[in-house]
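Fold and contact review
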Amino acid sequence: MDFSLGERAEAFRDEVRAFLDEHLTTDVVERMHATGTFNDKDFNGAMAEAGLLAGAVPGYGDRDPIELYVLFNELEKAGAPYDGLAVTMLVAGVVNAVGTDVLREAVLPRLLSGRSNCCLGYSEPDHGSDVAAITTRAVRDGDEWVVDGQKMWTTMAHEAEWVILLTRTDPDVPKHKGLTMFLVPMDTPGIEVQPVPTMASERTNATFYDGVRVHDRWRLGEVDGGWAVMGVALAFERGVMGGTNPAVPLLRHVRSWAAEAPSPDGGTMADDPLLLERTARTAMANQVSQLLTLRAAWIAATGGLPGLEGSMAKLYATERYQQAVGWFQQMAGAEGLLSFGVDGAAADGWIDYDGRHSPVTTIYGGTTEINRNNVAERHLGLPRAR
Amino acid sequence: MDLNLTEDQETIREVFAAFFDGETGPERARAAEPIGFDTAAWDRLLETGAPAMGVPEAAGGGGASLADLAVVAAEAGARIAPLPLVDHAVAARLLADLGDPSACDDGILAGTTIVGLAVRPAVDGVARVVPSGAVAHRVVALDGDRLVLDRPESAGAPDGPGAGHLPNHGCLPLAHRDLAGAEVLATGPDAVAAHARAVDEWRTLTAATLVGIARTSVDLGVAYVMEREQFGRPVGSFQAVQHLLADLPGLVDGAHLLAAKAAWAGDRASAGIDGVLDVDHNDVTDFPALAAMALVAAGEAATIASDRSLHVHGGYGFSEEYDVQLYYRRARALAYVLDDPARECRRLARMLPAPGAGRGAA
Ligand SMILES: Cc1cc2nc3c(=O)[nH]c(=O)nc-3n(C[C@H](O)[C@H](O)[C@H](O)COP(=O)(O)OP(=O)(O)OC[C@H]3O[C@@H](n4cnc5c(N)ncnc54)[C@H](O)[C@@H]3O)c2cc1C
């Protein structure tokens, strides 16, 4: 085995780092937390202009697929706004994999410019984990489809040019067989976006579809073949495109806080034996998370679809992140409760932020339980439990 | 980057998997209790040349890398082979590194003379609870700043293999070794550094062994819950049982990747390539740091996997008859025989450069 990234990916990583040193300003980070929109079109556009997005679409272009991992891993580690970009590149990957040539030509160049975004319209108010049971209807009318229904948790919908929309086209067959996927322009009449604030700074949305007319050329994949398209999208999503190294910025913030913060027992918190232990455990878990993610990337790079390996990386990384947040939140005590911009806040408010953000990481993108079901059934070969 | 074994390593893996399948396994491990040494299997192992495999060719060995040895260790761990293979490999490499041809002699290269490593520094002239102390003819130990070789007339001193054995949790061949009269191999900072390097190799290969133990623990649990029926169906169809097991593949594979990375870093360090230790950006290629992380991660994987596997066996898991308890006890013994993992973590934390010493970022 060889754990070095290789010359090409390393050179690319250095490019990404140089870009971040220049473009990831305090302004960008503060704006993202103030608006709750983890997407910055100017920042994304600058990335495209610097040539960094050419390899960012899974399965597209001639770049080394390890670069995809490198890009999102560096963005995540640096604490840059990348959620919107990751979704956009993921949708670009789906469009490339299952879209028609016409659709590809219409959409891909705009997505790769970094200035146009997509959002994911899978979940509904009554259907989350059991996403195949969604009820948003699409009914054919000549060359068009008429869409009615509601989606929930449509993050970035207020910034997006397109939504990748999972609809029910046949209610009379088993649930997985009556779904169709569309790429719907968000400026189509009949779409309404309402903000859904969360306990962390990040914003998401509810989206409403009332008699929305969508031309058939926006269809992705076969009619009633939406579940297969979901499979492609989920395999691209899991593991490789960020979300599995959230404890890296956490540890960095905690270490710089601990080096300065006086300990009630004397010295600084960096001398506290329990803090030392937890620092090392977090550093270790960060390495493991990185290696599990790299493995998923490696499988993708060598022609496989790393669905289960991505599930394993997500399970491990998100639970360790939550554990670390719990540790450091307790150890930072009263000052750890103080938010961004407050005088005396431990780690400038990052501990409060991670405490607010971390619960969602075992929920979105497939909950911990759903990932465990996948590993139990498809990796360990245990019988279906439900 | 390449996450596959090399072709040679794949061959090594197959050869040793077949060897350990034939010559070791739970039944043999059970028969070798309480001392934890299977003489017949060791004699057969000598025929494969494994004892000198990791010694440089210039010193008469097979020239295998730490990464190669890790492949062998994982296969041994998967079958809880009662053989002091890791200790012997590491101690022989240390002796060969000292450059004194008489230290790593033909008996050690052949494996007829077993050499062990006292992984913890001696206290008051005694190396306490040496992992292979009850079967090793010779033991390398650090006594203050002196690297010494304990070479009594026979293994375990003074009455042959198994003498001085300390009955223990994992049925490992543990013994104290009195270093009075031991031969001094080196003194000063070089001696301390040589011992530290050997212990890091031991950490890495023990991590690989623990990964093997963890992997089989999962397999035993999965096989049992598929077979055992309660309430008219396999207990493996209950989601509560499934979820206990579903966390394990990621935990075990993660520890496996980390142990492999530590071995890779160890081989790079031997080749004179410096590693990086920047946890603020999760860039870690430093061998001592990775060796510590690998041992902690693999110890955790093996203890958790064997615990959950034992639990889903119900009462049978607790009975001597079932194999999982063999894995359960060895997981803990190997994970803790060097030190409390928490102290190992604090040691690692003290190795880290001050925050901000790496690249700058928000
Ligand atoms: C901030 C945020 C952003 C999001 N962004 C998007 C987005 O952009 N696009 C999008 O489509 N969706 C998005 N989601 C939705 C997300 O994917 C869902 O929240 C998630 O899939 C869980 O669905 P649910 O919330 O309906 O919970 P439910 O499915 O109702 O689950 C409730 C609980 O029951 C458990 N459970 C459910 N089924 C099982 C089972 N079979 N076995 C065991 N336990 C089970 C779950 O694990 C969970 O703990 C977002 C969610 C959040 C909170």
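Note that the structure is a prediction, hence the values are computed from the model and not measured.

1. What about the overall build of chain A?
Across its full length, chain A holds 12 helices and eight strands. In terms of overall size, chain A behaves like a compact globule, its C-alpha atoms giving a radius of gyration of 21 Å where 386 residues would be expected to give roughly 21 Å. By its C-alpha atoms, chain A is 75 × 45 × 45 Å across when sized along the principal axes. A total of 386 residues make up chain A; the buried ones form 59% of that total. Sequence separation of at least 24 residues holds for 71% of the intrachain contacts in chain A that already meet a minimum separation of 6. For chain A, the computed accessible surface area is about 14900 Å², with 51% contributed by carbon and sulfur atoms.

2. Description of helix H5 (residues 83-98) of chain A
Over its 16 residues, H5(A) extends 23 Å from the first C-alpha to the last, a length consistent with the 22 Å expected when each residue adds 1.5 Å. Burial within H5(A) is extensive, with 13 of its 16 residues counted as buried.

3. Quick look at the interface of chain B and chain A
At the interface, 56 residues of chain B touch 53 residues of chain A. Regarding the contact of chain B and chain A, the summed buried area is about 5100 Å², with carbon and sulfur atoms giving 63% of it. Of the charged contacts in the structure, one is a salt bridge between Asp247(B) and Arg372(A), with a shortest N-O distance of 2.7 Å. The tally of links between chain B and chain A comes to 19 residue pairs in polar contact (both at pLDDT 80 or more). Of all the elements in the fold, those that place two or more residues in the side of chain B that touches chain A are helix H7 (189-227), helix H8 (239-246), helix H9 (248-270), strand S10 (283-284), helix H10 (287-312) and helix H13 (341-351) of chain B. The biggest single contributor to the side of chain B that touches chain A is H9(B), with 11 residues. Considering only residue class, the side of chain B that touches chain A consists of 32 nonpolar, 14 polar and 10 charged.

4. Points about the sheet that holds strand S6 (residues 183-187) of chain B
Residue and element names in this part refer to chain B. Strand order across the open sheet formed by four strands is S1-S3-S4-S6, with mixed pairing between neighbours. Each end of this open sheet is capped by a strand with a single partner; those strands are strand S1 (115-117) and S6. When the angles between neighbouring strand axes are averaged without regard to direction, this sheet yields 25°. Sheet topology places strand S4 (residues 146-150) next to S6; four bridges connect them, and they run antiparallel. Residue pairing for S6: Val148 is matched across the bridge by Val184. Where helix H5 (residues 85-97) meets the sheet, it contacts S1, strand S3 (138-143), S4 and S6, and its direction lies at approximately 90° from that of S1.

5. Some remarks on the packing of helix H9 (residues 273-301) of chain A against H10(B)
Close contact between H9(A) and H10(B) brings their axes to 10 Å; oriented N to C, the two are set at 85°. The pairing of H9(A) with H10(B) is recorded here as roughly perpendicular in orientation. Along the contact surface, H9(A) presents Arg281(A), Ala283(A), Met284(A), Gln287(A) and Val288(A), while H10(B) presents Leu290(B), Met293(B), Val296(B), Ala297(B) and Glu300(B). Split by residue class, the contact of H9(A) with H10(B) holds seven nonpolar, one polar and two charged.

6. So, the domain arrangement of chain A
Residues and elements named next belong to chain A. Domain parsing of chain A yields domain 1 (7-116), domain 2 (119-228) and domain 3 (243-379). One C-alpha centre belongs to domain 1, the other to domain 3; they are set 23 Å apart. Counting residues at the interface gives 12 residues for domain 1, matched by 16 residues for domain 3. Taken together, both faces of the contact between domain 1 and domain 3 bury some 1100 Å²; the carbon and sulfur share is 62%. Contact with domain 3 buries surface across domain 1, with Tyr69, Glu76 and Lys77 losing the most and accounting together for 48% of the total. Where domain 1 touches domain 3, the interface holds zero salt bridges. Joining domain 1 to domain 3, the criterion identifies six residue pairs in polar contact (both at pLDDT 80 or more). Broken down by secondary-structure element, the contributors of at least two residues to the side of domain 1 that touches domain 3 are helix H2 (26-35) and helix H4 (66-78).

7. Things to note about the packing of helix H10 (residues 307-336) of chain A against H9(B)
At a minimum axis separation of 8 Å, H10(A) and H9(B) run at an interaxial angle of 90°. Regarding the angle of H10(A) to H9(B), the classification is roughly perpendicular. Residue-level inspection shows Met312(A), Tyr316(A) and Arg320(A) of H10(A) in contact with H9(B), the latter providing Pro249(B), Gly250(B), Leu251(B) and Asp253(B).

8. Quick notes on H9(A)
Residue and element names in this part refer to chain A. Here H9 is 29 residues long and its end C-alpha atoms lie 42 Å apart, about the 42 Å a rise of 1.5 Å per residue gives. The element H9 is largely enclosed, with a buried count of 24 among its 29 residues. Put simply, Asp272 is the residue that caps the front of H9, since its side-chain oxygen is 2.9 Å from the backbone nitrogen of Leu274. Among the residues trailing H9, Gly303 stands out with phi positive, at a value near 95°.

9. Describing the pairing of strand S2 (residues 137-141) of chain A
All names here are of chain A. Judged from the five bridges that link them, S2 and strand S3 (residues 144-152) form a sheet pairing that is antiparallel. Within the sheet, the bridge partner assigned to Val139 lies in S3 and is Val146. Linkage of S2 to S3, two consecutive antiparallel strands, is achieved through a turn of two residues, within which Gly142 is found at a positive phi near 65°.

10. Details of the site of the ligand
Inspection of the region around the ligand gives 17 residues, with Ser123(A), Ser129(A), Trp153(A), Thr367(A) and Glu369(A) positioned closest. Nearby residues place the ligand at the junction of chains A and B. A distance of 3.1 Å separates an oxygen atom of the ligand from a polar backbone atom of Trp153(A). Starting from 970 Å² of accessible surface for the ligand in isolation, the protein chains cover 68%. In terms of residue count, helix H12 (residues 368-379) of chain A provides more of the shell around the ligand than any other element does, three residues in total. Along the lines of polarity and charge, the residues of the shell around the ligand split into seven nonpolar, eight polar and two charged. When residues of the shell around the ligand are sorted by domain, at least three fall in each of domain 2 (119-228) and domain 3 (243-379) of chain A.

Rules used throughout
Residues numbered from 1 in each chain as written. Chains lettered and ligands numbered in written order. Predicted model: local features only at pLDDT ≥ 70, side-chain atom pairs only at ≥ 80, totals over all residues. Heavy atoms only, no water. Helix = DSSP H or I, 4+ residues; strand = E, 2+ residues; numbered from the N terminus. Rg over C-alpha atoms; globule rule 2.2 N^0.38 Å. Buried < 20%, exposed > 50% of the residue type's maximum accessible area, 1.4 Å probe, protein only. Contact = heavy atoms within 4.5 Å. Areas by Shrake-Rupley, 256 points an atom, 1.4 Å probe, with all protein chains shown as cover. Expected span 1.5 Å × (residues − 1). Buried area = accessible area lost by both parts, 1.4 Å probe. Salt bridge = Lys/Arg side-chain N within 4 Å of Asp/Glu carboxyl O. Polar contact = N/O pair within 3.5 Å; in protein donor to acceptor, adjacent residues only side chain to side chain. Nonpolar A, V, L, I, M, F, W, Y, C, P; charged D, E, K, R; others polar. Pairing = 2+ DSSP bridges. Axes fitted to C-alpha atoms, helices over the stretch in contact; angles between N-to-C directions. Parallel < 35°, antiparallel > 145°, perpendicular 65-115°, else oblique. Domains from an automatic or database assignment. Near = heavy atom within 4 Å.

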